[in-house]
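# Close look at the chain arrangement
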Amino acid sequence: MNRTHLRKGNHPHPHIGQLVKRVMRDKKLSQAEVARRMTISPSSLANYFKQPSLQFGILWNLGIAMDYDFLTELTDYYPPGLVLNASSKVIIELGEKNKLIADLQKENGIYKRALGIKE
């Protein structure tokens, strides 16, 4: 079988199986739990970790099962200067702003506790 999509080019894509495994670990999800949510066997899920490329439908189902947006993360791997669709830019900017707000709220809580201010 000729798998030209796996050939290394000027801009190689990330190893998708390892990306999925990292996100699962970061979210502290067990292999058994993710497999259960996808209604597949844990060994089938383990096989995904070995794959440098996954079908879109599988990645979609993994994202739903893990409550994670793999598609937006993958845009981080695009070559510099690649223009994203306008709606993608808005989503990324909103995500960055929401993270900044959450970080500032956390920092604010730390200061309040340090000063003995009750909420």
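Figured I'd write up the structure that's included with this text.

Reading the values: the criteria
Residues numbered from 1 in each chain as written. Predicted model: local features only at pLDDT ≥ 70, side-chain atom pairs only at ≥ 80, totals over all residues. Heavy atoms only, no water. Buried < 20%, exposed > 50% of the residue type's maximum accessible area, 1.4 Å probe, protein only. Helix = DSSP H or I, 4+ residues; strand = E, 2+ residues; numbered from the N terminus. Arc of directions from axis to C-beta. Contact = heavy atoms within 4.5 Å. Axes fitted to C-alpha atoms, helices over the stretch in contact; angles between N-to-C directions. Parallel < 35°, antiparallel > 145°, perpendicular 65-115°, else oblique. Nonpolar A, V, L, I, M, F, W, Y, C, P; charged D, E, K, R; others polar.

A word on helix H2 (residues 31-38). Within H2, burial applies to Val34, Ala35 and Met38. With its buried residues spanning 100 degrees around the axis, H2 presents them on a single face. Residues of H2 that are buried make contact with helix H1 (16-26), helix H3 (42-49) and helix H4 (56-66). Thr39 occupies a position one or two residues after H2 and carries a positive phi of about 55 degrees.

This part takes up the side chain of Glu73. Here Glu73 shows up in helix H5 (residues 70-74). Note on Glu73: relative accessible area 11%, which makes it buried. Residue contacts for Glu73: discarding those within four places in its chain leaves Leu19, Arg22, Val23 and Tyr68.

Turning our eyes to something else, we now look at unusual backbone geometry. One non-glycine residue with positive phi stands out, namely Lys28, at about 55 degrees. Within the secondary structure layout, Lys28 lies in the loop between H1 and H2. On the accessibility criterion, Lys28 (74% relative accessible area) is exposed. Not every positive phi belongs to a glycine, and Asp67 is a case in point at roughly 55 degrees. We classify Asp67 as exposed; its relative accessible area is 64%.

We now examine the environment of Asn61. With respect to the helices and strands, Asn61 occurs in helix H4. For the pair Asn61 and Met38, spaced 23 residues apart in sequence, the C-alpha to C-alpha distance is 6.9 Å.

Take the packing of H2 against H3 next. Packing of H2 against H3 brings their axes to within 8 Å, and their N-to-C directions diverge by 105 degrees. With respect to their mutual orientation, H2 and H3 come out roughly perpendicular. Across the interface between the two elements, Gln31, Ala32, Val34, Ala35 and Met38 of H2 pack against Pro42, Leu45, Ala46, Tyr48 and Phe49 of H3. For the contact of H2 with H3, the class distribution of residues is nine nonpolar, one polar and no charged.

Of all the residues in H3, the buried ones are Leu45, Tyr48 and Phe49. The buried residues of H3 occupy one face: seen down the axis, they fall within an arc of 105 degrees. Contacts made by the buried residues of H3 are with H1, H2 and H4.

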